[in-house]
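# Summary of the model geometry
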Amino acid sequence: MMSEKRTTITRMEAPAQLPVRKRVAAYARVSMEKDAMLHSLAAQVSYYSERIQRNPEWEYVGVFADYGLTGTKETRPEFQRMLQECREGKIDLILVKSISRFARNTLTLLNTVRELKGLGIGVYFEEQKLDSLSGDGEFMLTILASFAQEESRSVSENCKWRIRKKFEQGIPTGFGMYGYEVRNGSFVIKPEEAAVLRRIFQMYLDGMGSVRIMKLLMAEGVPAPMGGLWNDSVIMDMLRNEKYAGDLLLQKFYTNNHIEKKQLRNRGELPQYYVGDDHEPIIDRKTFDAVQREIALRTARRKADKAKRAAQEAAAVVPSGIEPTPSSGHTEREAIPLTDRIYCGICGKKYRYKVTRLGTPYAAPVWLCSTFNYRGKAYCASKQIPEDILKKLIHSVLSTVYTEDSVHHIEMHPGNRVLFVFQDGHTEERFWKDHSRKDSWDTEKRQKASEKTRIQHQKRKEQEQ
């Protein structure tokens, strides 16, 4: 008899699973970029970093900090980045000092907290000792956020009242401007910048336009206000600014409300206050007044020219009922798909439509980089593309299996290279050839060129005789 085989089974305990640590982040914000506020922000970042990393049950994700930004606006970059990481499932809990640091707009606060709650993410407000995931969390948040929003409104109204009282007394609230610095509440001329201003005013009186002045200053490397770039609107603001003649016009702008905090130009919504001969002028009164008259004259001339062109186009009725031909010499443009998504591959700015050599027989529609068009080749050495070529390139892509919605954007690169970037991440490239001069010549142009050559040849023969 054969012996039976026996199998021995040893029971073993399953290894103890390590507890899953909660991924924790913090949010901090100060509303002004003053040194004291920045110190406060640094202290908040340090405090939360240490607190989160000290807790063994928490995994440190980071501290998201915005400075110089109000809690009533949704343009806070770090706040938005934190929300994006929440949506990507990278955060389980957010710590914040108080409701007012998180958001002073009640609607914004509740919408954000509700979205995070739907993702299973809690927000803990330390001062109020309130957890958004608790049973009565949303009810308490509604009440407390309303108080925070009202506090913001009250502070805003108090600030406006103080500013307007200063305006009534003829006291400016700014902190200086190009050409001046403020010392002990008074405007003091900065000689180097004042020299640039006097030159700008004189160039305008000599017949130069704001764009030409802008390009000349950039070409010469003249530093722009606030370390930025010169542009034509800055030039025009300078030419119109009464402060350079020694006067003050107070309350040119105002803030619409404490939620949006948009700065709007005062067009009669609020009283303005004019203070004559307030400080030492940079531009003498005669020159300043002459520039204002020249601005008014050029504005009236542009309006008259525009009205004249419109009248001419309206009068150019074709008997067949076809739309009148615009003054550029080109018929009504056909809308081209994807042209709102074309970007320069060098500077990143958008491409825009333009008619070159406008008003001549050689006028041609092209697309070109905004930087190149506005500031010149020194700032972006990109290349314009004829509209008919661009249209064919786009059609060559959309005529296959692709739709307009499938294209994310188009990039225009050196070497006549066009890169189509699709929503799914893949790319396709196309290359285009420049028009040869003869391609743009129709029968009429060829006849004119031939006649011109014949006349020149005849003149040379006559001179030789």
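Residues numbered from 1 in each chain as written. Predicted model: local features only at pLDDT ≥ 70, side-chain atom pairs only at ≥ 80, totals over all residues. Heavy atoms only, no water.

### Describing the sheet that holds strand β13 (residues 351–356)
How we decide: At least two bridges found by DSSP between two strands is the condition for calling them paired. Strands are runs of DSSP state E lasting at least two residues, helices are runs of H or I lasting at least four, and both sets are numbered from the N terminus onward.
Across the sheet, 3 strands lie side by side as β13-β14-β15; this open sheet has antiparallel pairing. A strand with exactly one partner marks an edge of an open sheet, and here the two such strands are β13 and β15 (385–386). Of the pairings in the sheet, the one linking β13 to strand β14 (residues 364–369) comprises 6 bridges and is antiparallel in character. Looking across to β14, one finds that K354 is bridged to V366.

### Side note on the packing of helix α6 (residues 191–205) against helix α8 (residues 232–240)
For clarity, the cut-off: To get an axis, a line is fitted to the C-alpha atoms, and for a helix only the part in contact is used. The angle between two axes follows their N-to-C directions and goes from 0 to 180 degrees. Angular relationships are summarised with four words: roughly parallel below 35 degrees, roughly antiparallel beyond 145, roughly perpendicular across 65 to 115, and oblique for the angles in between. Pairs of residues are marked as contacts when any of their non-hydrogen atoms sit within 4.5 Å. Each residue is assigned to one class: nonpolar for Ala, Val, Leu, Ile, Met, Phe, Trp, Tyr, Cys and Pro, charged for Asp, Glu, Lys and Arg, and polar for all the others, Gly among them.
Contact geometry of α6 with α8 gives a least axis separation of 10 Å together with a crossing angle of 95°. Comparing the axis directions of α6 and α8 gives the class roughly perpendicular. Seen from α6, the contacting residues are L197, I200, F201 and Y204; seen from α8, they are I235, M236, M238 and L239. Residue composition of the contact of α6 with α8, by class: 8 nonpolar, no polar and no charged.

### Describing the packing of α6 against helix α7 (residues 210–219)
Inclusion rule: For a crossing to be left-handed, the near helix must be turned anticlockwise from the far one by less than a right angle; the clockwise case is right-handed.
Their axes nearest at 10 Å, the elements α6 and α7 cross at an angle of 140°. When the axis of α6 is compared with that of α7, the two are oblique. The element α6 and its partner α7 pack so that their crossing is right-handed. Between α6 and α7, the contacting residues are V196, R199, I200, M203 and Y204 on the first element and I213, L216 and L217 on the second. For the contact of α6 with α7, a count of residues per class yields 7 nonpolar, no polar and 1 charged.

### Some details on the packing of aromatic side chains
To be explicit about the condition: Two rings belonging to Phe, Tyr or Trp (six-membered ring only in the last case) form a pair when the distance between their centres is within 6.5 Å. Interplanar angles under 30 degrees mark stacking, angles over 60 mark edge-to-face geometry, and anything in between is tilted. Burial classes: relative accessible area under 20% of the type maximum marks a residue as buried, over 50% as exposed, and values in between as partly exposed (1.4 Å probe, protein chains only). The criterion for a charge sitting over a ring is simple: Lys NZ or Arg CZ within 6 Å of the ring centre, and within 35 degrees of the ring normal.
Using the criterion set out here, one finds 10 aromatic pairs in the structure. Taking the centre distance of 6.2 Å and the plane angle of 10° together, the rings of Y180 and Y244 count as stacked. With Y180 in strand β6 (residues 180–183) and Y244 in the loop between α8 and β8 (248–250), this pair connects stretches of sequence that are 64 residues apart. When sorted by exposure, Y180 lands in the same class as Y244, which is buried. Here the aromatic cluster, defined as three or more aromatic residues joined through ring pairs, consists of Y27, F79, F102 and F125. Over the face of the ring belonging to Y204 we find R298, whose NZ or CZ atom lies 3.8 Å from the ring centre.

### Notes on the environment of R101
To keep it simple, the criterion reads: Polar contact is the term for a pair of N or O atoms within 3.5 Å; when the atoms are in protein, one must be able to donate a hydrogen and the other to accept it, and sequence-neighboring residues count only if both atoms are side-chain atoms.
Along the chain, R101 falls in helix α3 (residues 99–102). Judged by its relative accessible area of 14%, R101 falls in the buried class. As a C-alpha pair, R101 and Y27 span 74 residues in sequence and 8.2 Å in three-dimensional space. A polar contact is formed between the side chain of R101 and the backbone oxygen of R29, at a distance of 2.7 Å.

### Some points on the pairing of strand β7 (residues 186–189)
Burial along β7 is one-sided: the residues F187 and I189 are buried and none of S186 and V188 is. Where β6 meets β7, 4 bridges bridge the pair, whose relative direction is antiparallel. Looking at the pairing, E181 lines up with V188 of β7. Connecting β6 to the antiparallel partner β7 that follows it, the hairpin turn spans 2 residues, and N184 within it adopts a positive phi of roughly 55°.

### Quick notes on the sheet that holds strand β1 (residues 22–30)
Pairing is mixed in the open sheet, where 5 strands are placed in the order β2-β1-β3-β4-β5. The open sheet is flanked by β2 (58–67) and β5 (130–131), the only strands paired with a single partner. Pairing geometry for β1 and β2, over 9 bridges, is parallel. Counted as the bridge partner of A28 is A65 from β2. Against the sheet, helix α2 (residues 77–87) touches β1, β2 and β3 (93–96), its axis set at about 150° to β2.

### What about unusual backbone geometry?
Even without a glycine there, the phi angle at K129 is positive, about 50°. Note on placement: K129 falls in the loop between β4 (122–125) and β5. For K129, a relative accessible area of 64% corresponds to the exposed category.

### Some details on the nonpolar core
In plain terms, the rule: Residues belong to one nonpolar core when they are buried, are Ala, Val, Leu, Ile, Met, Phe, Trp, Tyr or Cys, and are joined through side-chain atoms within 4.5 Å.
In this structure, I200, W230, L239 and Y244 are the most contacted members of the largest nonpolar core, which totals 33 residues. Put simply, the parts of the chain that give this core at least two residues each are β7, α6, α7, α8, β8 and α9 (285–315). If you tally residues by element for this core, the top one is α6, at 7 residues. The contacts of L239, once residues within four sequence positions are left out, are I200, F201, Y204, F288, V291, Q292 and I295.

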